[in-house]
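# Observations on chain architecture
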Amino acid sequence: MAKLHKFLVLIIVLVSITKCAQATGKKWAKKVGGEKEKMINLQFYFHDTLSGKNPSAIMVAQANTTKQSPTQFGTVMMADDPLTVTPDPNSKLVGRAQGLYGSAGQTDLALIMALSFSFTDGAYNGSTISIFGKNPALNPVRELPVVGGTGVFRMARGYATVKTHSLDPKTGDAIVGYNITVVQ
């Protein structure tokens with residue numbers, strides 16, 4: 001009789017644990033989504049200014065051997081670059097590219113980019129798109145991955161097609177066109 005009693009108590013405890021787990025599961029997890037994905041395409045220009053009184057990108061680190069490197073391998077830059085509608089720096093400001101990039105190639109000019117495009121205009125005001133990846137800067141057209149976003153771009157993924165519009169070899173100042181396709 002004692003064994004039967006212990007067995008019944010064990011069954012009651014297991015049933016209680018199972019029901020408790022099921023009830024708890026409903027509170028902390030639920031299925032969301034099922035909506036159709038949408039694509040958004042953005043076109044803007046990135047103004048990376050290293051020269052003058054108010055540069056938008058500055059060197060924050062370099063290796064001991066960077067100055068001997070033809071690719072400036074080991075240089076790390078911090079950027080807060082304006083994003084505009086056209087290549088003209090005086091055209092409408094739509095946001096800022098904030099983050100860092102560095103020279104990651106020893107034999108070829110390959111930048112590693114970690115940037116957040118923070119938008120300040122229109123329907124995307126307050127939203128961001130994040131990119132992270134290799135930018136082989138001397139290629140005429142480059143592709144970088146979109147790895148996330150916030151606001152309107154929450155859960156975003158996609159890619160950016162990047163083309164240099166202009167580059168001043170003396171100062172390093174560059175204007176770069178970004179065409180970003182985001183899926184969410």
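Read on for an overview of the structure. (Residues numbered from 1 in each chain as written. Predicted model: local features only at pLDDT ≥ 70, side-chain atom pairs only at ≥ 80, totals over all residues. Heavy atoms only, no water.)

In this structure, Phe-44, Phe-117, Tyr-178 and Ile-180 are the most contacted members of the largest nonpolar core, which totals 30 residues. Non-local contacts of Phe-44, meaning those with residues more than four positions away in its chain, are made with Leu-83, Thr-84, Val-94, Phe-117, Phe-119, Val-176, Gly-177, Tyr-178 and Ile-180. (Core = buried A, V, L, I, M, F, W, Y, C linked by side-chain atoms within 4.5 Å. Buried < 20%, exposed > 50% of the residue type's maximum accessible area, 1.4 Å probe, protein only. Contact = heavy atoms within 4.5 Å.)

A separate point is unusual backbone geometry. One non-glycine residue, Gln-72, lies in the positive phi region at around 60°. With a phi close to 70°, Met-155 is a non-glycine residue in the positive phi region.

Right, let's talk about the side chain of Ser-127 for a bit. Note on placement: Ser-127 falls in the loop between strand S5 (111–119) and strand S6 (128–135). A distance of 2.9 Å separates the side chain of Ser-127 from the backbone nitrogen of Val-152, its partner in a polar contact. Ignoring sequence-local partners within four residues, the contact set of Ser-127 consists of Phe-117, Ser-118, Phe-119, Thr-150, Gly-151, Val-152 and Phe-153. (Helix = DSSP H or I, 4+ residues; strand = E, 2+ residues; numbered from the N terminus. Polar contact = N/O pair within 3.5 Å; in protein donor to acceptor, adjacent residues only side chain to side chain.)

Here we take up the environment of Arg-96. Tracing the backbone through its elements, the reader meets Arg-96 in strand S4 (residues 93–103). With 22 residues separating them in the primary sequence, Arg-96 and Ser-118 have C-alpha atoms 5.3 Å apart. Residues contacting Arg-96, with those up to four places away along its chain left out, are Asp-80, Asp-81, Pro-82, Leu-83, Ser-116, Phe-117 and Ser-118.

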